[in-house]
Structure formats: C-alpha cells, structure tokens
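Each chain, written out:
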Amino acid sequence: MDFKVLTGKVTQYVGEVIYVYAFDLAYDMLRQPIRELLGQPVAQFAVDSSKRSPRHLFFYKPQMVRLPPMERIGPHGPVRVDRAIKILPVGAISITVRVPFKVRRVEDLVDYHDLQFSNGVLQEEVRELAEEVRRELAPYYIRPVPQLAPEEAYTVFCLQSPLTTVDGASLSAENWLGAHRREVAALLTQEPDIDHLSNQEADESTGRYLSYYEHDLVVVDWDAALIIDQAENFDETLYVMELANLQLAELEAYDRILDESLERSYRDLSEHRARTRSDILRELRDIRIDLARFNDELSNITKFFGDWHLARIYENISARFHLGDWHRSIDGKLKTLDDLYQLLKHDQNTRWMLILEVTIVLLFVIDLVILLLGVKR
C-alpha cells in the first residue's frame, strides 16, 4: 500500500519539544508540605481526565512549581522556554522544559536533540537548576546526595493534530506514520542522515506505537518519543512518560546503593575488618527494610488500574526502559542481601549456642567441684 498517496503532504508541523530530566537528590524525604521553592509557590499537580482514562484517576499527585518563562534563541530563532519542577517523596525531582516549534519537515526536529541556545546548553542549565533545588530542599531531605549523579533524560516531540494536507484534508495518524517511518525513526534516534538508516532500525525504533483515535499516535523509543494529539491531551501522556523516566532514575540510584552495600559487606566479612558482625547485621537489616519501603513507594507513584490507553503507554515505555529487568536485578541483589543476612544470623546464633553450651559445662564443672570439696570436708 502506498502510504504517501493516502497521506499527501503536510506543509507545517506545529508543537512542542518537552525535555524531561529526573534527578535523585536524597535517600528519602520528610513528609512535610513545601510552601515555596525558588521564590515560586508550590501547588499540587493534577492531570485532567479524558475519554482514554477513568473518570477518577489513580495517579500519584506530586508537589509542583512552575518557574517564570525565559526567552532564548533556539535552532530556528527566538523561543519561549517554560520550566516546571515536580517534587517526589522518594527523594527525587523531575524537571520538564517545554520549547515550542514550527517546522516544515519532521527531520528538522533533529536539531532539537541536545538543545543548544545562543548563550548556552539546555542540559547544563537544567543541572544548575537541579543544584539550586537540592540546596533549597536540603532541610527536607534525609541523607541527601553529596553531589548530583548523571540525570536520566528523555525527549518527547509533541505534534499538534489533526495533521492536514495542503488542501486542508485531515490525515490518519497511523497512515502518516507509515509514510514517514524512516523520518520518525531518524528523529527518535537522533540520526541526521536518514538515507544511511537501515529498514530494520527504522522498524525497531518505531515498532512500539499506540493509537486511540484516528488523529492521535504515540511512538515510544529508548531515548525519545513522538506524540501526535490535540494540545490539551499532551499532559496526561507526558506525565506517564515522566513517571517511567523517574522510576528508571530511582532504580539506577538504588542499584548503586545495593552494589556499594554488598561490596562493603563482602569486604568486611572476608578481611575481618573492625566492624563487628552485629554492625554488619544491623546495616543489612536496615537496607532490607528501607528498600522494601522504597519499592512500595515507587510502585505507588506509578500505579495503574485497568487496561486503558495510558496504562498501555506506560507498559510500552516500561518495556523500552527495561524497568522489569531493573526490578529483577534489584530483587536478585536483595535476595543476596537476605541470604547474607540469614547466613550471618545463623552464624551469630551458632556462636551464642556455643557460648551457652560452654557456660552450662562450666557451671556443671563448678557445681561438681563444689560438691567434691563438700564431700572431702
């Protein structure tokens, strides 16, 4: 089937590029409301429901602050940059930056990857902003990180629908994707040379897509995604992607914590260092409890019920991020921690039993000596 005949030519693409950055800032956070951040009021984030989701959403609603817009010179001229910060109770923040665009071709959007302004780079500005947030929220954090780890970044290209041809006819989003699969694949993979992109890579990068209405479409890849929809419907899909990106960042952070704890415990046990077995047991017990709590909280902020459209989007982006593999990896390390804890606990119990047995024998010997002395007298 010739998709180009079915779709015609789109003269202009209008929309926004949304850059999502997740930062792990602390081990945990005090459950206290934050009134103000960076001089701006903090409010509760809310997502409007649509026909694609239940009337009563089961989203976790984090605290959120919107920062004043900035004017920058982007790849195609002056742009207005909007920024927002979401504060999550697991000791993390998510920063979103929205940059509008108008382009004639999909491949023109490749310039918006790793966005650079005339006076700086977006990624560096976001890291500086995250550092400001870390300093200001320090009183609310439990065991804050000494320095920021590399952020988990995700780029979402949002095209306003319906897409229309020169004569004003509306296009089916799926048919448009079929006709522009290579361009979309190049956009998502940040490939400037479309002609060198193989058909296999094009199919792989655009293979996970979902559509609800004729005019909407979501294409999910590892590093970026494409959304075609009406502007008022962007936010709920974006928030699902934002939560998945945050979940990936937190899983990576706790994986590092587990690696450090296991390495330290192995080293202490093998080299007979100053830390006692009781200290090691106490640390392992605390880690097991904390990670169980973390797992519950992380599951709560990404909880979905039912087989509706947003849940399917989350399922697809989770597969792209390999969140299931991360969970299995952490579960395996937790099991190793549990085995180590049980081994040390058993060893400690054996030592106590040996001490008790020796004590009983000593008491028996003492009692026997006293009895013999009494007989001699």
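Above: the structure in question.
Summarised in this report is the structure supplied together with it. Just so you know, these numbers come straight off a predicted model, no measurement behind them.

Time to look at the overall build of the protein. What the protein contains, in helices and strands, is nine helices and 15 strands. Taking as baseline every contact in the protein between residues at least 6 positions apart, the subset at least 24 positions apart corresponds to 74%.

This brings us to the pattern of salt bridges. Applying the stated rule across the entire model yields 16 salt bridges. The shortest N-O distance in the salt bridge between Asp108 and Arg105 comes to 2.9 Å. Judged by its relative accessible area of 18%, Asp108 is buried. Across the pair Glu131 and Arg135 runs a salt bridge whose closest N-O atoms are separated by 3.8 Å. You can see Glu131 and its partner Arg135 sitting in helix 2 (residues 122-136), four residues apart, about one turn around the helix. Since its relative accessible area comes to 53%, Arg135 is described here as exposed. Here the salt bridges do not stand alone but share partners, grouping Glu16, Arg98 and Asp235 into one network.

Read across the open sheet, the nine strands follow the order 5-6-7-8-1-12-15-14-13; overall the sheet is mixed. Both edges of this open sheet fall to strand 5 (43-44) and strand 13 (209-210), since each of them pairs with a single strand only. As paired strands, strand 6 (residues 63-74) and strand 7 (residues 77-88) are joined by 10 bridges and run antiparallel to one another. Bridge pairing links Val65 to Ile85 in strand 7.

Cut-offs applied
- Position labels on residues start from 1 in each chain and follow its written sequence.
- Under the rules for a predicted model, residues below a pLDDT of 70 receive no local features and side-chain atom pairs below 80 are neither given nor counted, while totals for whole chains, interfaces and linings still include all residues.
- Here the side-chain values reflect all heavy atoms present in the structure, with hydrogen atoms and water set aside.
- In this description a helix means any DSSP run of H or I spanning at least four residues, a strand means any run of E spanning at least two, and both kinds are numbered starting from the N terminus.
- By definition, residues are in contact when any of their heavy atoms lie within 4.5 Å.
- Every case where a carboxyl oxygen of Asp or Glu lies within 4 Å of a side-chain nitrogen of Lys or Arg is listed as a salt bridge.
- Relative accessibility under 20% of the residue-type maximum defines a buried residue, over 50% an exposed one, and the middle range a partly exposed one, all with a 1.4 Å probe and only protein chains included.
- DSSP calls a pair of strands paired once it identifies at least 2 bridges connecting them.

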